[in-house]
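These are the residues of each chain, in order.
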Protein chains: 2
Amino acid sequence: MSIKIGILGYGNLGRGVEAAVKMNDDMELVAVYTRRAPETLKINSDAAVKSVAELEKGNEDIDVLVICGGSATDLPEMTPKFAKLYNVIDSFDTHAKIPEHFANVDAAAKAAGKIGIISSGWDPGMFSLNRLYASAVLPNGKDYTFWGKGVSQGHSDAVRRIDGVIDCRQYTIPVPAALDKVRSGADPELTTREKHTRECFVVAEDGADLARIENEIKTMPNYFADYDTTVHFISADEMARDHSGLPHGGSVIYSGTTSEGTKHVIEYSLKLDSNPEFTGSVIIAYARAAYRMNNEGMTGAKTVFDIAPAYLSAKSGDELRAHFL
Amino acid sequence: MSIKIGILGYGNLGRGVEAAVKMNDDMELVAVYTRRAPETLKINSDAAVKSVAELEKGNEDIDVLVICGGSATDLPEMTPKFAKLYNVIDSFDTHAKIPEHFANVDAAAKAAGKIGIISSGWDPGMFSLNRLYASAVLPNGKDYTFWGKGVSQGHSDAVRRIDGVIDCRQYTIPVPAALDKVRSGADPELTTREKHTRECFVVAEDGADLARIENEIKTMPNYFADYDTTVHFISADEMARDHSGLPHGGSVIYSGTTSEGTKHVIEYSLKLDSNPEFTGSVIIAYARAAYRMNNEGMTGAKTVFDIAPAYLSAKSGDELRAHFL
């Protein structure tokens, strides 16, 4: 008997989740739900394509709904709404609003007897786990997170919303000297600007005011204002040829001491060919956890912090102890 | 109110646990228990030093007992025995016997309403976690574990048991070419010999047969026979001057695919100035988990796989979500 997965939203992340389901024998994708007209959507598997209106009726035969929406406006509304009907999981990543989102999903999921996992993926997600494990083991220490080199979809989207911009690919790049300093255990104080640079490849509309676009990018609060950013205007053909992938990665580096002069450095790093497929893979492992935990009677909002690692694996406790411990 | 820790056994690991307790404000070391005459033992804190006979009475006022014994003979007997009386934690690392040890501790702890965490530390422990997380996220992949450069206490002890050997420090060293190949995502098939080399620094008795000692080391089954090993005979002074620390470390590297040609590499690595202090720090974080889980009514044997990460941290769920997620 497989775990029945539904996907809401079929953009990059939805397709990544779809790819991840195929890697797991104990799961099947039963349906993709869309706000578009279902007959216009072609997907990469033989699951059903249905309108989100079907999902809202609450009778879909799915064990876990993976909600693939944007953190800015989609997820704050969708995740609590669907947690009233199904076990749900999202990848909400607006760090400042996580407490509020957690509370909303918790109330909805508890009332319905469902599990709602929020902020799953790699950051938040696997990186968060590594920050927590390291700081719990070495409370006298400090964590550093570096992202990239890779495409930030949030930053690319932010640039795309600028008037006159047709397309953008934004690469986040760690500053090598900063990485080296942190890996040495030197515990440097680093400003935002000292840790990463940002590089934007932009396709603009014919006749657009490029100087204005470049200025709007470089001064955009939260996204770019605190970084050294370079902007390149390229053609649509160059974009398709050179920037079609969505690679990403990064490192969480933690250094801490256990006694005078005794230092330890912990590093967790990812090199990802496809950010959406890896994010989808993390989400799907946690979807398995959501299903199992709910079967055991647990309800409410959960994050990666609240979930024992064994719930993520299709293997039994005996197998895990024999082969992974 | 602090969590009251007892330590059984005051060797390198016991002292590492003692150092770790000092880093955690919510914990206090109440006593070190020893099989030696208590009055002969000087410890690095103002906790009591008591005979293990006191512990056996079952009335000691401790929340968690950290059992710092050897995996070969101490822990298989001690951990189940004391799990009948206290919440316990050990760092049992004989991989092949983990299922049996788990079953024995589980029976004892369940009968007593206690928690018994086994095989905590970094390998088994943090490395095990990373093998599990990576394989759950990328089921179509492969894990590699490299140890070192660092002192293996088990291998050093094995050499010390050879007739004519006074002291030994054994360094485990990853083969750089193997590391590079794995990090590239090439998924190589590597023999034991291709992954690590071993280097022994040995102080021998005056007049000992050095050729025989070297041969006994290099042909020792399980420990050395499958590796390229170099042996250096040095003086006691050189040992004290050049090899007094117990540094260690290593990497778990996992590479997996999510679709045709789409590859991801996950690496978790440790660089440790002191193996016992880091191991002790992991154990102490899991001791906190043992205490909390037992307070919530959970009992039986647990490994790092069974414990939600949030239990390890002194911080609240709200704090963790706000600052680490």
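In short, a report on the structure. Only a predicted model underlies this, so the values are computations on that prediction, with no experimental measurement involved.

### What about the environment of A:Glu216?
All names here are of chain A.
Move 1: Within the secondary structure layout, glutamate 216 lies in helix 9 (residues 210–218).
Move 2: Judged by its relative accessible area of 32%, glutamate 216 is partly exposed.
Move 3: Once the C-alpha coordinates of glutamate 216 and leucine 272 are considered, the two residues, 56 residues apart in sequence, prove to be 30 Å apart.

### Structural notes on the packing of helix 5 (residues 126–137) of chain A against helix 5 (residues 126–137) of chain B
Move 1: Packing of helix 5 of chain A against helix 5 of chain B leaves a shortest axis separation of 13 Å and a crossing angle of 170°. Accordingly, the angle class assigned to the pair helix 5 of chain A and helix 5 of chain B is roughly antiparallel. Where helix 5 of chain A abuts helix 5 of chain B, its residues A:Met126, A:Leu129, A:Asn130, A:Tyr133 and A:Val137 lie against B:Met126, B:Leu129, B:Asn130, B:Tyr133 and B:Val137.
Move 2: Counted by class, the contact of helix 5 of chain A with helix 5 of chain B contains 8 nonpolar, 2 polar and no charged residues.

### Quick word on the state of the cysteines
Disulfide: a covalent bond connecting the sulfur atoms of a pair of cysteines.
Move 1: By the definition in use, this model includes 0 disulfides over all chains.
Move 2: A:Cys168 carries a free sulfur, and the closest cysteine sulfur to it, the one in A:Cys200, is 4.6 Å from it.

### A word on the environment of A:Leu8
All names here are of chain A.
Move 1: Relative to the elements of secondary structure, leucine 8 occurs in strand 1 (residues 3–8).
Move 2: According to the relative accessible area criterion, leucine 8 is buried, its value standing at 3%.
Move 3: For the pair leucine 8 and alanine 322, spaced 314 residues apart in sequence, the C-alpha separation works out to 37 Å.
Move 4: Those residues in contact with leucine 8, other than ones at most four positions away along the chain, are Tyr33, Val52, Leu55, Leu65, Val66, Ile67, Cys68, Met78 and Phe82.

### Section: the packing of aromatic side chains
Move 1: Counted by the stated rule, this structure contains 7 aromatic pairs over all chains.
Move 2: Measuring from centroid to centroid gives 6.3 Å for A:Tyr133 and B:Tyr133, while their planes differ by 65°, and the two rings are edge-to-face. With A:Tyr133 in helix 5 and B:Tyr133 in helix 5, this pair bridges two chains. The same class applies to A:Tyr133 as to B:Tyr133, namely buried.
Move 3: Centroid distance B:Trp122 to B:Phe127: 5.2 Å. Interplanar angle 80°. Geometry classified as edge-to-face.
Move 4: Among the residues examined, B:Trp122 registers a relative accessible area of 6% and is labelled buried.
Move 5: Residue B:Phe127 is classed as buried on the basis of its relative accessible area, which comes to 0%.
Move 6: Taken together, the aromatic side chains of A:Trp122, A:Phe127 and A:Tyr268 make up a single cluster linked through ring pairs.
Move 7: We note A:Arg15 situated over the ring of A:Tyr10; from NZ or CZ to the ring centre the distance is 5.7 Å.
Move 8: Directly above the ring of B:Tyr227 sits B:Arg198, whose terminal nitrogen or CZ lies 4.0 Å from the centroid.

### Focus: the interface of chain A and chain B
Move 1: Listed by partner, the interface residues are 64 residues for chain A and 64 residues for chain B.
Move 2: A combined buried area of about 5,400 Å² lies between chain A and chain B, and 65% of that area is made up of carbon and sulfur atoms.
Move 3: On the chain A side of the contact with chain B, A:Arg321, A:Phe324 and A:Leu325 bury the most area, a combined 15% of that side's loss.
Move 4: Across the contact surface, chain A and chain B share 0 salt bridges.
Move 5: Seen at the junction of chain A and chain B, the total is 23 residue pairs in polar contact (both at pLDDT 80 or more).
Move 6: Counting only elements with at least two residues in the side of chain A that touches chain B, the list comes to helix 4 (98–112), helix 5, strand 12 (248–259), strand 13 (262–272), helix 11 (275–295) and helix 12 (317–323) of chain A.
Move 7: Considering each element in turn, the side of chain A that touches chain B owes the most residues, 11 residues, to strand 13 of chain A.
Move 8: Classifying every residue of the side of chain A that touches chain B gives 34 nonpolar, 18 polar and 12 charged.
Move 9: Sheet topology note: the strand 13 of chain A/strand 13 (residues 262–272) of chain B ladder contains 9 bridges and is antiparallel. Following the sheet pairing, A:Ile266 is matched in strand 13 of chain B by B:Leu270.

### Examining the sheet that holds strand 5 (residues 87–89) of chain B
What links the strands of a sheet is backbone hydrogen bonding, and the strands pair in either a parallel or an antiparallel sense.
Residue and element names in this part refer to chain B.
Move 1: The strand order 3-2-1-4-5-6-14 describes an open sheet built from 7 strands, whose pairing is parallel. The open sheet has two edge strands, strand 3 (48–51) and strand 14 (300–302), and neither has a second partner. Neighbour-to-neighbour, the strand axes of the sheet open up by a mean angle of 25°, direction not taken into account.
Move 2: Here strand 1 (residues 3–8) pairs with strand 2 (residues 27–34) via 6 bridges, running parallel. Looking at the pairing, glycine 6 lines up with alanine 31 of strand 2.

Reading the values: rules and limits
Residues numbered from 1 in each chain as written. Chains lettered and ligands numbered in written order. Predicted model: local features only at pLDDT ≥ 70, side-chain atom pairs only at ≥ 80, totals over all residues. Heavy atoms only, no water. Helix = DSSP H or I, 4+ residues; strand = E, 2+ residues; numbered from the N terminus. Buried < 20%, exposed > 50% of the residue type's maximum accessible area, 1.4 Å probe, protein only. Axes fitted to C-alpha atoms, helices over the stretch in contact; angles between N-to-C directions. Parallel < 35°, antiparallel > 145°, perpendicular 65-115°, else oblique. Contact = heavy atoms within 4.5 Å. Nonpolar A, V, L, I, M, F, W, Y, C, P; charged D, E, K, R; others polar. Disulfide = S-S within 2.5 Å. Phe/Tyr/Trp six-rings, centres within 6.5 Å; stacked < 30°, edge-to-face > 60°. Lys NZ or Arg CZ within 6 Å of the ring centre and 35° of its normal. Buried area = accessible area lost by both parts, 1.4 Å probe. Salt bridge = Lys/Arg side-chain N within 4 Å of Asp/Glu carboxyl O. Polar contact = N/O pair within 3.5 Å; in protein donor to acceptor, adjacent residues only side chain to side chain. Pairing = 2+ DSSP bridges.

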